[in-house]
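Reading the structure
Each chain is listed here by its residues.
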Amino acid sequence: MPAVEKVLTLLALGAVFGFAYYSLNSTPVISDSNFTYIAELEWYKTYEEGLREAKQQNRTLMVYFWTIWCIYCEKYHTEVFSRPDINAILAERFVRVAVDMDVNKRDTRRFGVQAPPYIVFLTPDERVIMRVPGYVPADEFRRILDAVVEEGGA
Amino acid sequence: MSWDLLLYAASAGGVLAVAGIALGRERVRRAGTGMLFGFLLAANMVLTYAFAVSDFSYYYVWKFSSSVYPLYYKLSGVLAGQEGTLLFWAMLIAGGALWLERHSSLLSRRAQLVVVVLALYFTGMVLVQSPFEPYPGAPPAEGYGLNPLLLDPWMALHPLTTFLGYGATAVPFAGALVYLLMSARGSGDAACREWVTEGLQWLRYAWVFSTISMAFGGIWAYKTLGWGGFWAWDPVESAMLLPWMVMTAALHLSVEHRRNMRRYSVLAPVLTAYSFTFTVFATAVTRSGIFESVHAFIAGGAGKYVMLLLGVSALAPLCLGVWKWLRVRGAPARSTRREEIFYAAVLVLMIMTFIVFYGVSFPPVVKLLTAKKYAVTKQFFNLWLYPFFLMLLLITGLGLSYSERRRREAFREFAVFSGVTLLAMFIKPGENFNIVDYTSFISATKPLLYATVGEISALSILPPVAYVLYACWIRARIRGLRLREAGVVLIHGGLAVIAVGVVFSPLFTSEFSVSFKRDEVGVEKPLMYAEFHEGFGRLGTWGVHTKEVPSEYSAVLLGVREYVEGLRSAAYPAVSSLTERNLSEGEVYTVRGYVEQAVLTEHAMFIKLTDGRSSVWVASPPYRVAKGEELVATGMVLLDVPLPDGGIGPVLLSEAVSFLRELAFREVQEVRVEVLRGERTLGRGVMKYESYSNGDARRPLIDRNLWGDVFAVLDMRVGDEVSMTVRIKPFINLVWIGVALFVLGMGLCILQERRTNP
């Protein structure tokens, strides 16, 4: 191999290995074996876990269906769930479940969800309070939350 | 009879062909290859016909079709699932084997052997998960249907173009493997040279179809809410980009290899072979589900066979490549400047390919090992790829404008454009000029490198783009615009145009939300039942209303229409289709007819259904039915039953009848708006919210202009309110124009090749 091309090849290999190493250590972790982390809150990964907790605490359940590639989920995370007032309500009033639709097919089927994002609010005795398909902007989402809190008595 | 027989017959043909090639019997080989292709073609035709006539006795047809679809969508169901696509793919590969009959060289024969074995393997995968599997139980009258989001003209064509592209990589794959093997042994030089040209031409076709398919997929994603634009870097999209990138690299290297057979004599065939490998990879990501879920992989079906094929097709070229590299260290010791620039560009492209590959594949691997899930979102790809993309454009510019004569000039230009690019990275006329909004990363961690790249100004794309366009012009001046040269200029110009579109369009998109309440608008006509299209429906309309938005924009509501579209009655067989058959006791049938008479007895409700030609009695639980009402009944036939009118005859024993008015195909809310900036109309049109029995779909308003689009989509559906999100998307159409240039340019290259090497 000609000298210049040898150098170019080595540089490219260096770039590839550097990238592989650096990106593996710098890419944020979104969930581990216990929880999913969205909007700096902990979310249960399965409906079962969430339901158990909701029964124990007698609080309303929020089951949120999402995927990693869904743009509107990201919008939910950054513009809606992270808004301080909404974040506080989610933290204090709800038991949160984040169903990753790519992984947790069982819960996805259980609620018949077709596409993310999708939210279902339930009472601890599994009565559906409201279904919210698709994305809802922050102001409207706040109104929905208030209505759900009132209805669910959470 | 199960049509799987066709697949077995095709397999027999494949075995015959293999035997013919191994024994050197030409007739056997020809007959075998012909059988292989012929029977696979027949199987595809049978399946397509089953979709065309909505034959729901096949589970696969039931799952992906509905009798109410127009023919266009019915046919698109053929390639909606793994079974159908594998069958189609198998046929294309077999077609490649047949095509190889044209050539008589030893290399072609051996390549044909590989292609036939591939076709056999694919046929085997189809048999594992056959599209001809019957529907379990009595065939239903109506199919489950495609996901409503897929009911889109672009999506209907997307799989077709995808698999035409994928199918075209099989022959170059086989050729490259045999070529590596033979050239490592130093045999068959002339055939090898001829083969490089053939492989190149196949790759070009594959590249064109892959380009078109990604564009169709992009247009569809752009229209379909939830995917947020034409490209979202989700695993399926990224996996589709991979074969395209590998093909692009392979095409460049093969052209260079043909010019000088001692250059890239390993890398060019290895990458050519990998074009196929990555199509298998893309299939594995798309269909098997392993890249998000381990369960679908273990669950069986053809998934594990796809993985096996992936392993073999990844290892074979690699091993052969290494072997040849060790045997023939044939590369010249010196290289020219032009060759070095060329090589640098290909290397950068390969680094980018690796980044995409890594981004798609490391999260599932890590998740398998540690249960940790990484947030590999679009920012990951955008952040890592952008610097290399700039590099790629700059080197492309240099490569296009370089010639030995203007050597100094070319390097000077390169230095100037690179310098300006560096400067432009820091110039930000406004807030939103950051190349990537890295702050919206899901987690709070913001690594240094991300913050650095994320802060680069989007203006930095302009100098490299200008450079590529300028270089295209220089190249055209130096080399003229004959077919191939024009093609090369168009393709690289297209790349520059796309670059502006993809960087600027998301950046300068403005967005606002607006909602109209029924009360404030006023209802012109209440909801009422009315005849509609071929079905019937409820129809209601709202009035006209203008709403200012707290920005320079405003939206005028021009009207809302709400209606329910019924099923076309033809979806169900009429009564006479039942009475004209030889009925057998205990069989289940579905009929449609008008109520002629209804009698309530102590056992059941007897309804006499007629279609004008003949009539039949249906026994059902009591219903309130009116004479002349149209209904559909499914039930078991009992022969020789005493009838309410005194006679004896067949009765359809039905547990439930359906009134046709309740069998809605879809409910539609149709909203017409006009979007203004100040006094000026930016765009207008209709958007829809459609609810189907198997899901909802939102059809946005897209009003295209040369400078950009007005894009509006309905938000959640609440009865008394329509709320919508409106986006003004400038520069978006540059992406589609660029793709058109890609296709046109490559078309010219293909044409030129056909002229010189017919």
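The structure under discussion appears in the preceding block.
Computed from a prediction, not measured in an experiment: that's the story for all the values here. (Residues numbered from 1 in each chain as written. Chains lettered and ligands numbered in written order. Predicted model: local features only at pLDDT ≥ 70, side-chain atom pairs only at ≥ 80, totals over all residues.)

**Here's the deal with the packing of helix 1 (residues 4-23) of chain B against helix 6 (residues 106-128) of chain B**
Residues and elements named next belong to chain B. It is at 9 Å that the axes of helix 1 and helix 6 come closest, and there the two elements cross at 160°. On the basis of the axis angle, helix 1 is roughly antiparallel to helix 6. Where helix 1 crosses over helix 6, the handedness of that crossing is left-handed. On the side of helix 1, the interface is formed by D4, L7, A10, S11, G14, A17, V18 and I21, while helix 6 contributes R109, Q112, L113, V116, V117, A119, L120, T123, V126 and L127. Taken together, the residues of the contact of helix 1 with helix 6 break down into 12 nonpolar, four polar and two charged. (Axes fitted to C-alpha atoms, helices over the stretch in contact; angles between N-to-C directions. Helix = DSSP H or I, 4+ residues; strand = E, 2+ residues; numbered from the N terminus. Parallel < 35°, antiparallel > 145°, perpendicular 65-115°, else oblique. Left-handed = near helix turned anticlockwise from the far one by under 90°. Contact = placed C-beta atoms within 7 Å. Nonpolar A, V, L, I, M, F, W, Y, C, P; charged D, E, K, R; others polar.)

**Focus: the nonpolar core**
Residue and element names in this part refer to chain B. Residues L36, A90, I93, A97, V115 and A119 are the most contacted members of the largest nonpolar core, which totals 235 residues. Setting aside residues no more than four positions away along its own chain, L36 makes contact with A10, G13, G14, A17, A94, A97, V116 and A119. Counting 20 residues, the second largest nonpolar core, distinct from the first, contains F516, V673, V726 and I728. (Core = buried A, V, L, I, M, F, W, Y, C linked by C-beta atoms within 7 Å. Buried ≥ 20, exposed ≤ 12 C-beta atoms within 10 Å, placed from the backbone.)

**Section: the interface of chain B and chain A**
If you look at the interface, chain B gives 48 residues, while chain A gives 44 residues. Mapped onto the side of chain B that touches chain A, the elements with two or more residues apiece are helix 14 (337-370), strand 1 (373-374), helix 15 (378-401), helix 17 (448-454) and strand 15 (695-699) of chain B. If you tally residues by element for the side of chain B that touches chain A, the top one is helix 14 of chain B, at 10 residues. Taken together, the residues of the side of chain B that touches chain A break down into 29 nonpolar, 11 polar and eight charged. Across two bridges, strand 1 (residues 29-31) of chain A lies against strand 1 of chain B in antiparallel orientation. The partner of V29 of chain A across the bridge, within strand 1 of chain B, is Y374 of chain B. (Pairing = 2+ DSSP bridges.)

**Topic: the pairing of strand 8 (residues 605-610) of chain B**
A regular strand places its side chains so that they alternate between the two faces of the sheet. Residues and elements named next belong to chain B. Here strand 7 (residues 588-600) runs beside strand 8; their pairing, made up of six bridges, is antiparallel. In the sheet register, V599 faces strand 8, and the bridge partner there is F606. Counting the residues between successive antiparallel strands, the hairpin from strand 7 to strand 8 contains four residues. Pairing geometry for strand 8 and strand 9 (residues 615-620), over six bridges, is antiparallel. Bridged to T610 within strand 9 is S615. In sequence, strand 8 turns back onto strand 9 through a hairpin of four residues, with G612 there showing a positive phi of about 95°.

**A look at unusual backbone geometry**
Residue P117 of chain A follows P116 of chain A across a cis peptide bond; omega there is -10°. Relative to the elements of secondary structure, P117 of chain A occurs in the loop between helix 5 (105-110) and strand 6 (118-122). The backbone of Y264 of chain B sits at a positive phi, close to 55°, despite the residue not being glycine. Inspection of the secondary structure puts Y264 of chain B in the loop between helix 10 (235-259) and helix 11 (267-288). At F731 of chain B, a position not held by glycine, the phi torsion is positive, near 65°. Classification of F731 of chain B as buried rests on a count of 20 C-beta atoms within 10 Å.

**Some words on the sheet that holds strand 6 of chain A**
Residue and element names in this part refer to chain A. Spatial ordering of the open sheet is given by 5-4-6-7, a layout of four strands whose pairing is mixed. The strands lining the two open edges of the sheet, one partner per strand, are strand 5 (94-100) and strand 7 (128-133). With strand direction ignored, the average angle separating the axes of adjacent strands in the sheet is 15°. Where strand 4 (residues 60-66) lies against strand 5, seven bridges are found, and the strand directions are parallel. The residue bridging F65 from the neighbouring strand is V99, located in strand 5. On top of the sheet, helix 2 (residues 47-57) reaches strand 4 and strand 5; it is set at about 175° to strand 5, its chief contact.

Any functional reading would require information that these geometric values do not contain.
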